[in-house]
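# Coordinate analysis (summary)
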Amino acid sequence: MTNYSLKLYNKNFKQDQSLDLNAFRNEFRPEILKALEAYSIKEKVSDVDFDKMVNGETSEVLDFLTKFIWYLNNFVESNWFLRGVVAYDKNLYGTKVYDYEKKSIGLIIKVWKNTFSGSNGKEYVDFATCVDFNGKKYETALSNLSAIEDMEQEELDKLGLN
């Protein structure tokens, strides 16, 4: 299941805060309604249901939230500025993996979508936040990782992980 974290910045106190989508909905309901009104007028959409829009495919939700954040920041008076949104998944939490890029073993903390601008528009690449054996947290593309429990014995021997 994909979770979303919104990165906010308080203009008055000059501090950052992260909220999950449910907490954001609860704490910012009046601001959401104002931003949706501006969104529907500018995007020429008759009825925008925020809850429905954030329950689709991850790439669709991220596209909507990226636009929505722009409307919230530009058309709603608030002490808060939304910096962005991150989609993450904790289903693989604690999975022991081999990182082919670092040539070491790590544990997955979470998997998330990283957004890049490509020749065909936005591209979403799965990334993982991991912890190495020294306890240092790092991020890498999910394609660089392989779950150790799914590896064949021959590959484990070749990598010296037997």
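The preceding data block contains the structure.
Residues numbered from 1 in each chain as written. Predicted model: local features only at pLDDT ≥ 70, side-chain atom pairs only at ≥ 80, totals over all residues. Heavy atoms only, no water.

### Quick look at the nonpolar core
Soluble globular proteins: nonpolar side chains tend toward being buried together. Ranked by size, the top nonpolar core spans 28 residues in total, and within it F24, F50, F64 and F68 carry the most contacts. Every element with two or more residues in this core is listed here: strand 1 (3-10), helix 1 (21-27), helix 2 (29-42), helix 4 (58-75) and strand 3 (80-89). Examining the composition of this core, we find that eight residues originate from one element, helix 4, more than from any other. Sequence-distant contacts of F24, defined by excluding residues within four places in its chain, comprise L6, L8, L19, R29, I32, F50, F68, L72 and L82. (Core = buried A, V, L, I, M, F, W, Y, C linked by side-chain atoms within 4.5 Å. Buried < 20%, exposed > 50% of the residue type's maximum accessible area, 1.4 Å probe, protein only. Helix = DSSP H or I, 4+ residues; strand = E, 2+ residues; numbered from the N terminus. Contact = heavy atoms within 4.5 Å.)

### Digging into helix 2
Given a rise of 1.5 Å per residue, 14 residues ought to cover 20 Å, and the 20 Å separating the end C-alpha atoms of helix 2 matches this to within 8%. Elements that come into contact with the buried residues of helix 2 comprise helix 1, helix 3 (50-53) and helix 4. At the exit of helix 2 stands K44, carrying a positive phi of roughly 55 degrees. (Expected span 1.5 Å × (residues − 1).)

### A closer look at the pairing of strand 5 (residues 104-118)
Summarising the sheet, strand 3 and strand 5 pair through two bridges and their orientation is antiparallel. Note that in strand 5 the partner of Y88 across the bridge is W112. Where strand 4 (residues 96-99) lies against strand 5, four bridges are found, and the strand directions are antiparallel. If you follow Y98 over to strand 5, its bridge partner there is I105. Here strand 4 hands over to strand 5 after four residues, with K103 in that stretch at a positive phi of 60 degrees. As paired elements, strand 5 and strand 6 (residues 121-132) share 12 bridges and run antiparallel to each other. Counted as the bridge partner of G106 is D132 from strand 6. Counted between consecutive antiparallel strands, the loop separating strand 5 from strand 6 contains two residues. (Pairing = 2+ DSSP bridges.)

### Considerations on the packing of helix 2 against helix 4
Relative to each other, helix 2 and helix 4 sit at 105 degrees, their axes nearing to 9 Å. Classified by the angle between their axes, helix 2 and helix 4 sit roughly perpendicular to one another. Seen from helix 2, the contacting residues are E31, I32, A35, L36, A38, Y39 and K42; seen from helix 4, they are F64, K67, F68, Y71, L72 and F75. Counted by class, the contact of helix 2 with helix 4 contains 10 nonpolar, no polar and three charged residues. (Axes fitted to C-alpha atoms, helices over the stretch in contact; angles between N-to-C directions. Parallel < 35°, antiparallel > 145°, perpendicular 65-115°, else oblique. Nonpolar A, V, L, I, M, F, W, Y, C, P; charged D, E, K, R; others polar.)

### Quick look at the side chain of D132
Along the chain, the position of D132 falls in strand 6. From its side chain, D132 meets the backbone nitrogen of N134 in a polar contact 3.0 Å long. For D132, the residues in contact, after removing those within four places along its chain, are K102, I105, G106 and Y138. (Polar contact = N/O pair within 3.5 Å; in protein donor to acceptor, adjacent residues only side chain to side chain.)

### Quick word on the environment of K44
Tracing the chain through its elements places K44 in the loop between helix 2 and helix 3. In this structure, the C-alpha to C-alpha distance between K44 and P30, residues 14 residues apart in sequence, is 21 Å.

### Structural notes on the packing of aromatic side chains
Enumeration according to the criterion identifies 13 aromatic pairs in this entry. Between Y39 and F64, the ring centres sit 5.4 Å apart and the planes meet at 80 degrees, which makes this aromatic pair edge-to-face. Remark: F64 occurs in helix 4 and Y39 occurs in helix 2; sequence separation between them is 25 residues. Summarising the aromatic geometry, the rings of F50 and F68 are spaced 5.1 Å apart at their centres and angled 55 degrees between planes, so their arrangement reads as tilted. (Phe/Tyr/Trp six-rings, centres within 6.5 Å; stacked < 30°, edge-to-face > 60°.)

### A short note on helix 4
Compared with an ideal rise of 1.5 Å per residue, which puts 18 residues at 26 Å, helix 4 spans 25 Å between its outermost C-alpha atoms and is within 8% of the ideal. All of the buried residues along helix 4 are T58, V61, L62, F64, L65, F68, I69, Y71 and L72.

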